[in-house]
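If you want the building blocks of each chain, they are given just below.
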Amino acid sequence: MNHLASVDDISNELQNFVLFTTLIRYDVDLSPVPYLAQSWDTTASGDKMVLTFRLRDDVTWHDGAPTTARDVKFTFDRIKDPATAYPRVSSFALYDSAVVHDTYTIAFYLKRHPGFMDPWRTVSPMPAHILGDIPAERLRDHPFGTSTPLGNGPFRFVEHRSGDRWVFEANPDFPKSLGGRPYLDRLVYRFIEEPTTRLTELLTGEADVYLIVAPSQVAEIEASSEARIVAYANRNYAFINWNGKHPLFADPNVRRALTLAIDRQEIVDVVRQGFGEVAKGPVPPFHWAYDRELEPLPYDPERARDLLDTAGWIDRDGDGVRERNGINASFELRTNPNPTREDIITLVQANLAQVGVQVRPRVQEAQSLGRDITSPERLFDAFVLGWRAEFNLDARPLFACSALEGPYQWASYCNPRVDEILDEVMLMPDRSQALPLWHEYQEIMQQDQPNTFLYYDMRINASRERLRGVEMDIRGDLISVRDWWIAPADRRQIGNSN
Amino acid sequence: MTAYIVRRLLQAIPLLLGILTLVFVFMHAAPGDPTAIYMHPSVAPEVLEQMRQNWGLDQPLHIQYLRWMKSFLTGDFGVSLAQNRPVATILAERIPNTLILSGTSLLLIFAIGIAIGIIQAVRQYSLLDNALTFSALFIYSMPSFWLGLMLILIFAYKVYQVDWWPAVLRFPASGMASVDYELLGFWAKIGDRLHHLVLPSFALGVSSAASIARYMRSSMLDVIRQDYIRTARAKGLPERTVILKHALKNALLPIITLLGLYLPFLFSGAVLVEHVFAWPGMGRTIVEAIYQRDYPVVMATTFVFAVMVVVANLIADVLYAIVDPRIRYE
């Protein structure tokens, strides 16, 4: 639970929505709204700016000490300290220094940038009076993170049993102005890997919320009168990356042909049970920059064949596989062990066989696959993986010419215009000014197809009917946890819990 | 006997060190490292480098090995790189859980296996014998994780839809305790724990019980054909006494040695069963640690498993001598 050490998804959600408080939150339009910080203002001069937060004075740590600007400064200083090895330190690259003005006022000095507020959405200040004396490089191992966390959020820490559960209880002192005491008395978060076991716990009433439902289980949950599906479009998309250094994938026309030859709607229907949307490019629909007018490439094997013919890939020896200059249109398509992705590979293999392109599937252990694709030599042909778009949509590590030597330029794709656009939009404060550029970017991506963008994903969760007020969206599964409630008649005889 | 046990334990030391060295080499030779879970474009390479430095992974491999060996020999297992906690704390939490699960299974295996084996031997070639042989083979062929899933589907899920099914036979699907465990009374807590043990220990043990039954049957059949059994019967002892008092002790001899073979089998089976039943034991820890390249945890858990296997084998050998006075280890 130590934010300076653990930033994985569920830890982050428990930190930001359960045990601690962030300075700001996002509203449904993804614009910042006050939370621990009751207000802020900015003054700019040249390319520098000063951001001043005024904190609430009624939020206390669970041991009674008030949460002050000192805690925020301590957290910021540790984040910036390289010895901490805070994983998301680069999200604070703009930030230079912090000065505490008084108990509840803190000012940050930073470079001017439209996305300056975003990092505060995910950072919960940590208690300086507990962790202040711990050397930065020891913070990660400190028992605060695993057995003695002390928060200031709507729930208090009760117990952690490793590999089993985290137990929290309502914090009666949580300020009224932030919603006050949560309606639930206890919140138990349990780890269960096996999907069948999770489903059973939900349907028998042991669990009230089931995160990450397998698509194949949706029908059974919908058929139950006691549980329902809570799904929302998230930031993830699935894609096939074509290695641009491979002779088959160097030509954008061939890559476009491959996309045309893959029935992506079928993939959504089969592997996601319809929970997803055929993708157009690297900008998911949750984002204001998403181009609603742009039509995704259709499933059109006929046009795919024409494009491949024109590009010189023709089956001359009649073995069902095209070739050019003595090279077969045959490649290895890899993924990590994951049932959904393995199914995708099988469907793609069948689709591409129809247009004379041979796919050799290979499932490879995740870290070993990671080594192969991030190596500068790009030791692979193509692979299927998922990607999570950041709220700022900065895809430069993936597609920019300047990142060609970097670990994430798997496509070896370089289009100077894309670099220009991305460099420019990242610095534009005005959405309406940036929008035409964002649209141009999406058109280029569709034309060039450095990846075949398969589908925009949906998060599928489920909840028991007795649990009310459950709203989940792109901001998080637990965004509304303070407002979850259970009618008295539906409560368990002993305690009520998640 | 004491000298023998001490000798065996001393012999185990080079064996364990060899195992640890091999695992160390294999783990570090595998692609990736513990920082891979943080690998993301928004994570600067310098951060990963700093983590490696904090964890000492920037040192040459032989230095890492010597460092690890040194702290290990002084009783320090290090700190988990993925869980950010001392490995000793993790082991202290997880080992008892695995021992509870495999211990219960072991009891179940031997109790059920021996009883069924005896019944089959006494009623050789009867309908009952054939039926039991058939079901033993059937159960023996089932993989434990599949059996676990079936048990969950039937005894933790389907039975909730059957109104007349007694509540005590509706078993929990996962974990060691209910979500409201802390709020229960003393006896309710014990009942809750036992309730949670039923399905996993059954899934883990039942196929071994089936094979024990097979061994027990043939071992019993060997014994009851011997002259001293005929003598016992001839002097007019009741059949029950002949079987349970005279024959059983000799027939158990080969079964006891199986104990040493089944323990490692149970520990490896626990890996899958703990996964299916979300049992917070060693098996799950070791699998997660391998995927995350959490070197200190992998090394420590391997060590614990190896020690358990060595000890289990030793116990089997000692039991052998206790049951059969003809065997002497001198």
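Along each chain, numbering runs from 1 in the same order as the chain's sequence is written. All chains are assigned letters beginning with A, and all ligands numbers beginning with 1, in the order in which they are written. Under the rules for a predicted model, residues below a pLDDT of 70 receive no local features and side-chain atom pairs below 80 are neither given nor counted, while totals for whole chains, interfaces and linings still include all residues.

Colleague: Could you give an account of the sheet that holds strand β4 (residues 48-55) of chain A, naming the residues involved and the relevant values?
Modeller: Residues and elements named next belong to chain A. Strands qualify as paired when DSSP identifies two bridges or more between them. Secondary structure follows DSSP: runs of H or I at least 4 residues long count as helices, runs of E at least 2 residues long count as strands, and numbering of each begins at the N terminus. Overall, antiparallel pairing links the 4 strands, which are arranged β3-β4-β6-β5 in an open sheet. Each end of this open sheet is capped by a strand with a single partner; those strands are β3 (37-45) and β5 (95-102). Averaged over neighbouring strand pairs, the angle between their axes works out to 20 degrees when direction is ignored. As defined by bridge partners, β5 adjoins strand β6 (residues 105-111) across 6 bridges and the pair is classed as antiparallel. Of the residues in β6, the one forming a bridge with aspartate 102 is threonine 105. What counts as a contact here is a pair of residues whose C-beta atoms, placed from the backbone, lie within 7 Å. Convention adopted: a line fitted to C-alpha atoms gives each axis, helices being fitted over their contacting stretch, and angles between N-to-C directions are expressed from 0 to 180 degrees. Against the sheet, helix α2 (residues 69-80) engages β4, β5 and β6, with an angle of about 160 degrees to β5.

Colleague: If you had to explain the interface of chain A and chain B to someone new, which residues and values would you point to?
Modeller: As a measure of interface size, the accessible area lost when the parts come together is often cited. Between chain A and chain B, the residue contacts involve 42 residues of the former and 43 residues of the latter. Mapped onto the side of chain A that touches chain B, the elements with two or more residues apiece are β9 (186-190), α5 (195-203) and α11 (366-374) of chain A. Per-element tally for the side of chain A that touches chain B: the top contributor is α5(A), with 5 residues. Side-chain classes are defined by residue name, with Ala, Val, Leu, Ile, Met, Phe, Trp, Tyr, Cys and Pro counting as nonpolar, Asp, Glu, Lys and Arg as charged, and the others, Gly among them, as polar. The class makeup of the residues in the side of chain A that touches chain B is 13 nonpolar, 15 polar and 14 charged.

Colleague: Summarise the packing of helix α4 (residues 87-122) of chain B against helix α10 (residues 282-292) of chain B; cite the residues concerned and give the values.
Modeller: All names here are of chain B. Look at α4 against α10: their axes get within 8 Å of each other, and the N-to-C directions meet at 130 degrees. One way to sum up the angle between α4 and α10 is to call them oblique. Residue-level contacts link Ile90, Arg94, Ile95 and Thr98 of α4 to Met282, Gly283 and Thr285 of α10. The residue makeup of the contact of α4 with α10, split by class, is 3 nonpolar, 3 polar and 1 charged. The cut-offs work like this: below 35 degrees is roughly parallel, past 145 is roughly antiparallel, 65 to 115 is roughly perpendicular, and the gaps in between are oblique.

Colleague: I'd love a proper account of the nonpolar core, names of residues and values included.
Modeller: Nonpolar side chains in soluble globular proteins tend to end up buried together. Counting residues in hydrophobic clusters, the biggest one holds 66 residues, and the most contacted among them are Tyr210(A), Leu199(B), Ala203(B), Met220(B) and Val273(B). Contacts of Met220(B), omitting those with residues within four sequence positions, involve Gly117(B), Ile118(B), Ala121(B), Ala247(B) and Ala251(B). By size, the runner-up hydrophobic cluster in this structure holds 57 residues, among which are Ile267(A), Val359(A), Leu369(A) and Val418(A). By definition, a nonpolar core groups buried Ala, Val, Leu, Ile, Met, Phe, Trp, Tyr and Cys residues that connect through C-beta atoms lying within 7 Å of each other. Exposure in this text rests on C-beta crowding, where 20 or more other C-beta atoms within 10 Å of a residue's own make it buried, 12 or fewer make it exposed, and counts in between make it partly exposed. The C-beta atoms are placed from the backbone.

Colleague: Help me get a handle on the packing of helix α13 (residues 416-425) of chain A against helix α14 (residues 431-448) of chain A, residues and values and all.
Modeller: Residues and elements named next belong to chain A. One can describe the packing of α13 onto α14 by two numbers: an axis separation of 10 Å at closest approach and a directional angle of 150 degrees. On the basis of their axis angle, the class for α13 and α14 is roughly antiparallel. With respect to the hand of their crossing, α13 and α14 are arranged in left-handed fashion. Contacts between α13 and α14 involve Arg417, Val418, Ile421, Glu424 and Val425 on the former and, on the latter, Ala434, Leu437, Trp438, Glu440, Tyr441 and Ile444. Looking at the contact of α13 with α14, its residues break down into 8 nonpolar, no polar and 3 charged. With the far helix as reference, a near helix turned anticlockwise by less than a right angle produces a left-handed crossing, and one turned clockwise produces a right-handed crossing.

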